[in-house]
Amino acid sequence: MLVLVPTPVGNLEDLTFRALRVLKEADVVACEDTRTSGTLFAHYGIETPRLSFHIHNEHGRVAQLVGRMEAGETVALISDAGTPGISDPGFLLVRAAAQAGVRVEALPGPTALVPALVASGLPTDRFVFEGFLPHKKGRQTRLTALEGETRTIVLYESPHRLVKLLGQLAEHLGDDRPAAVGRELTKLHEEVRRGTLAELAAHYGGQAKVRGEIVVVVGGA
């Protein structure tokens, strides 16, 4: 069996009782980064063996893990933070497990996009999740496609590219488009800053360094 286990996006208290039980009872936990997951495992006293499973080795690991599941083992899959498979490795393993007839369970739990969306103050009845935009090839095409999007738009971005993204969004969607930036969600220095795209670009452009994982929420056209 394969179990997708969401892990806290920052605050370790956000791990569910069910997730903790699964992580302790699994035969192996496939981790995006075994060093990052070590903090969580140490905090909760989880002693289950870990195996690295990340973007650079997932193609090679899939057959190995499916073979173990076909032999009767339970594999738990986690990412560094949030729900595995959401802008993180996981899709290839889920597809291969399903094709092999292996049972797949997805536990509910933390993901950064939902708290950022609901705290943004922007409409939540209809939204589109874009994840990370391409760094180079295809980026302008995606930005152009978003110009007429009427649903609220949710994107992920790294801190050192935030100002660039806000500027490009302002260029394509309009300086006065309402938006919000969620940063360090669930952590001690959590911040949700609201304003227009131009205001947010000016604010973060004036900072020496932006820290933390970023979620950008933009109002629809």
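First, a word on scope: everything that follows refers to the structure included in this document. Remember, predicted model here, so these are calculated numbers, not experimental data. Each chain carries its own residue numbering, running from 1 in the direction its sequence is written. Totals for whole chains, interfaces and linings use all residues, but because this is a predicted model, local features are given only for residues with pLDDT of at least 70 and pairs of side-chain atoms are given and counted only at 80 or more. With hydrogens and water stripped out, all remaining heavy atoms of the structure feed into the side-chain values.

What to know about the pairing of strand S7 (residues 152-157)
- Most of S7 is tucked away, with 6 of its 6 residues classed as buried.
- Only protein chains enter the calculation, and the probe is 1.4 Å; a residue is then buried if its accessible area is under 20% of its type maximum, exposed if over 50%, and partly exposed in between. In this description a helix means any DSSP run of H or I spanning at least four residues, a strand means any run of E spanning at least two, and both kinds are numbered starting from the N terminus. The side-chain alternation of S7 yields two buried faces, one formed by Thr-152, Val-154 and Tyr-156 and the other by Ile-153, Leu-155 and Glu-157.
- Both strand S6 (residues 127-132) and S7 contribute to a ladder of 5 bridges, which runs parallel. Among the inter-strand pairings, Gly-131 is bridged to a residue of S7, identified as Leu-155.
- A clockwise path from the first strand over the helix to the second, with the strands pointing away from the viewer, defines a right-handed crossover. The handedness of the S6 to S7 crossover, carried by helix H6 (residues 139-145), is right-handed.
- Here 5 bridges tie S7 to strand S10 (residues 214-218), and the two strands are oriented antiparallel to one another. Bridge assignment links Val-154 to a residue of S10, and that residue is Val-217. By this definition, two strands are paired if DSSP reports at least two bridges between them.

A few points about the packing of helix H7 (residues 162-173) against helix H8 (residues 197-205)
- Think of each axis as a best-fit line through the C-alpha atoms, taken over the contacting stretch in the case of a helix, with angles from 0 to 180 degrees between the N-to-C directions. In the contact formed by H7 and H8, the axes pass within 9 Å of each other and the chain directions differ by 160°. Comparing their axes, H8 and H7 come out roughly antiparallel. In the crossing of H7 with H8, the sense of the turn from one axis to the other is left-handed. Taken together, the residues of H8 that come into contact with H7 (itself represented by Leu-162, Val-163, Leu-166, Gly-167, Leu-169, Ala-170 and Leu-173) are Leu-197, Leu-200, Ala-201, Tyr-204 and Gly-205. Should an angle lie under 35 degrees it is considered roughly parallel, over 145 roughly antiparallel, and from 65 to 115 roughly perpendicular; all remaining angles are considered oblique. Each helix crossing is assigned a hand: it is left-handed if the near helix lies turned anticlockwise from the far helix by less than a right angle, otherwise right-handed if that turn is clockwise. Between two residues, a contact is recorded if the distance between any of their heavy atoms is within 4.5 Å.

Digging into the pattern of salt bridges
- Salt bridges are identified by distance alone: a Lys or Arg side-chain nitrogen within 4 Å of an Asp or Glu carboxyl oxygen. The full count for this structure, using the stated rule, is 12 salt bridges.
- Arg-183 is the salt-bridge partner of Glu-191, the closest N and O atoms lying 3.1 Å from each other.
- Since its relative accessible area comes to 18%, Glu-191 is described here as buried.
- When salt bridges that share partners are traced, they join Arg-18, Arg-103 and Glu-105 into one network.

Concerning helix H4 (residues 91-99)
- Here H4 has its buried residues at Leu-92, Leu-93, Ala-96 and Ala-97. Down the axis of H4, the sector holding all buried residues measures 125°, keeping them to one side. Facing away from the buried side of H4 by over 90 degrees, the exposed positions are Phe-91 and Gln-99.
- On the buried face of H4, the contacting elements are strand S1 (2-4), helix H3 (58-70), strand S4 (75-78) and strand S5 (104-106).
- Trailing H4 by a residue or two, Gly-101 shows a phi angle of about 80°, which is positive. The directions from the helix axis to the C-beta atoms form the arc being described.

Focus: the packing of aromatic side chains
- Any two rings among Phe, Tyr and Trp, with Trp reduced to its six-membered ring, count as a pair given centres within 6.5 Å; such a pair is stacked if its planes are under 30 degrees apart, edge-to-face if over 60, and tilted if neither. Applying the stated rule across the entire model yields 2 aromatic pairs.
- Geometrically, the ring pair formed by Phe-129 and Tyr-156 is edge-to-face, given 5.0 Å between the ring centres and 70° between the ring planes. You can see Phe-129 sitting in strand S6 and its partner Tyr-156 sitting in strand S7, a full 27 residues away along the chain.
- Classification of Tyr-156 as buried rests on a relative accessible area of 9%.

Thoughts on the sheet that holds strand S9 (residues 191-196)
- Overall, mixed pairing links the 5 strands, which are arranged S6-S7-S10-S8-S9 in an open sheet. Where the open sheet ends on each side, the last strands, each with one partner, are S6 and S9. Averaged over all neighbouring strand pairs, the angle between strand axes comes to 15°, with direction disregarded.
- Helix-sheet contacts for H7 involve S7, strand S8 (178-183) and S10, and the interaxial angle to S10 is about 10°.
- On the sheet, H8 packs against S8, S9 and S10 and is oriented at approximately 130° with respect to S9.

Here's the deal with the side chain of His-172
- For His-172, the position within the fold is in helix H7.
- Note on His-172: relative accessible area 15%, which makes it buried.
- Each polar contact in these results corresponds to two N or O atoms within 3.5 Å; when the atoms are within protein, one needs to be able to donate a hydrogen and the other to accept it, and residues that are neighboring in sequence are counted only if both atoms are side-chain atoms. Polar contacts involving the side chain of His-172 include one to the side chain of Glu-147, which spans 2.8 Å.
- Apart from the residues lying within four places of it in its own chain, the contact partners of His-172 are Gln-140, Leu-143, Thr-144 and Glu-147.

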